[in-house]
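Report on the structure
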Amino acid sequence: ASDVYKRQPLALFLIGPGTSPNQGNLQSITLLCLAIGCVWLATAIFGKENNFGTLEPMLSLPITRQQLWREKCFAAFTTIGTTTVLYVACIELTHLWAPPGAADPRPSDYRNLIGFILLCSVGPALLFTSYLCRSHEAFWITLLAPFGIVVVVVIATPESLEEYQGNILAGILIFYGLVTLWFARKRMLSWEASSPANQN
């Protein structure tokens, strides 16, 4: 086992979701790190424009809102998709290099959680930053909102529905992610630069 650890890159050891029975907590830590990274990347798409005041001049350019939305979504899904692929690759390598008797993570074990992370990152981040939130404001709102939803569902679920709590929570998070993405698109397509100087 020690030989395996010596061959294992330090970055993979830190990012990978645990390679020994005593490292189970790393699995939740790495998922949290992935969520933070995805939210940060998603909020940077429009948040940085708000930070530097370049959103209105950009919207005043002779390009369609649809084209701008497609370009920004492409950038968001490319950067976040690359991050997710690297995370899954780390899980695969951790699985291959794990010593006997260690935790045995598989990408299939993380598929649903990664899906929820992506749903609760992209749509909400684009929506909150489209309302001229600075990137750090939108970051914290986007990051904390799903935790708030989970807490409310856990507290508000009656005892008769506790066995369906996971399904209820999954449905609400899916709805939340898709609806915020739809509203973000609608907001962007209807947004107009308001400053005469920027329009000129």
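The sections below set out a description of the structure shown in this document. (Residues numbered from 1 in each chain as written. Predicted model: local features only at pLDDT ≥ 70, side-chain atom pairs only at ≥ 80, totals over all residues. Heavy atoms only, no water.)

1. Examining the overall build of the protein chain
Across its full length, the protein chain holds nine helices and zero strands. The buried share of the protein chain, taken over its 200 residues, is 38%. A separation of at least 24 residues holds for 74% of the contacts in the protein chain among residues at least 6 apart in sequence. Here the protein chain displays about 11,400 Å² of accessible surface, and carbon together with sulfur accounts for 66% of that area. (Helix = DSSP H or I, 4+ residues; strand = E, 2+ residues; numbered from the N terminus. Buried < 20%, exposed > 50% of the residue type's maximum accessible area, 1.4 Å probe, protein only. Contact = heavy atoms within 4.5 Å. Areas by Shrake-Rupley, 256 points an atom, 1.4 Å probe, with all protein chains shown as cover.)

2. Regarding the packing of aromatic side chains
Two descriptors summarise a pair of aromatic rings, namely the distance from one centre to the other and the angle between the planes of the rings. The full count for this structure, using the stated rule, is two aromatic pairs. Ring centres of Phe139 and Trp140 lie 5.2 Å apart, and the angle between their planes is 80°; on these two criteria the pair is classed as edge-to-face. The class for Phe139 is buried, based on a relative accessible area of 12%. On the basis of relative accessibility, which here comes to 48%, the residue Trp140 falls in the partly exposed class. Taking 4.9 Å as the distance between ring centres and 75° as the angle between the ring planes, the aromatic pair formed by Trp182 and Phe183 counts as edge-to-face. (Phe/Tyr/Trp six-rings, centres within 6.5 Å; stacked < 30°, edge-to-face > 60°.)

3. Here's the deal with helix α7 (residues 135-156)
Here α7 contains 22 residues, and its C-alpha end-to-end distance of 31 Å stays within 8% of the 32 Å for a straight helix at 1.5 Å per residue. Its axis deflected by about 25° at Leu144, α7 carries its strongest bend there, up to four residues before the proline Pro146. Residues of α7 that are buried: Ser135, Ala138, Phe139, Thr142, Leu143, Pro146, Ile149 and Val153. (Expected span 1.5 Å × (residues − 1). Bend = angle between axes of the 7 residues up to and from the residue.)

4. Quick look at helix α8 (residues 165-190)
Here α8 contains 26 residues, and its C-alpha end-to-end distance of 37 Å stays within 8% of the 38 Å for a straight helix at 1.5 Å per residue. Those residues of α8 that fall on the buried side of the exposure criterion are Leu169, Ala170, Leu173, Tyr176, Gly177, Thr180, Ala184 and Met188.

5. Section: a nonpolar patch on the surface
Taken together, the side chains of Leu32, Ile36, Trp140, Leu144 and Phe147 present a nonpolar region at the surface, about 500 Å² in accessible area. Counting residues per element, the nonpolar patch draws most heavily on α7, which supplies three residues. Among the structural elements, Trp140 can be located in helix α7. (Patch = residues over 30% accessible without salt bridge, like charges linked within 9 Å, V, L, I, M, F, W, Y side chains within 5 Å. Salt bridge = Lys/Arg side-chain N within 4 Å of Asp/Glu carboxyl O.)

6. Details of the nonpolar core
Residues Phe46, Trp69, Tyr87 and Leu126 are the most contacted members of the largest nonpolar core, which totals 36 residues. In terms of residue count, helix α6 (residues 107-130) provides more of this core than any other element does, nine residues in total. (Core = buried A, V, L, I, M, F, W, Y, C linked by side-chain atoms within 4.5 Å.)

7. Overview of the packing of α7 against α8
Running from N to C, α7 and α8 cross one another at 145°; their axes reach a closest spacing of 10 Å. As for the relative orientation of α7 and α8, their crossing is right-handed in sense. Here Ala145, Pro146, Ile149, Val150, Val153 and Val154 of α7 lie close against α8, whose contacting residues are Gln165, Ile168, Leu169, Ile172, Leu173 and Tyr176. Residue composition of the contact of α7 with α8, grouped by class: eleven nonpolar, one polar and no charged. (Axes fitted to C-alpha atoms, helices over the stretch in contact; angles between N-to-C directions. Left-handed = near helix turned anticlockwise from the far one by under 90°. Nonpolar A, V, L, I, M, F, W, Y, C, P; charged D, E, K, R; others polar.)

8. Concerning the side chain of Lys72
Counting through the fold element by element, Lys72 comes out in helix α5 (residues 65-97). By relative accessible area, Lys72 is classed as buried at 13%. From its side chain, Lys72 meets the backbone oxygen of Ile45 in a polar contact 3.1 Å long. Setting aside anything within four residues of it in sequence, one finds Lys72 in contact with Ile45, Phe46, Glu49 and Met58. (Polar contact = N/O pair within 3.5 Å; in protein donor to acceptor, adjacent residues only side chain to side chain.)

9. Digging into the side chain of Ser135
By the element assignment, Ser135 lies in helix α7. Taking relative accessible area as the criterion, Ser135 reaches 12% and is therefore assigned buried. For Ser135, the residues in contact, after removing those within four places along its chain, are Thr43, Gly47, Lys48 and Asn51.

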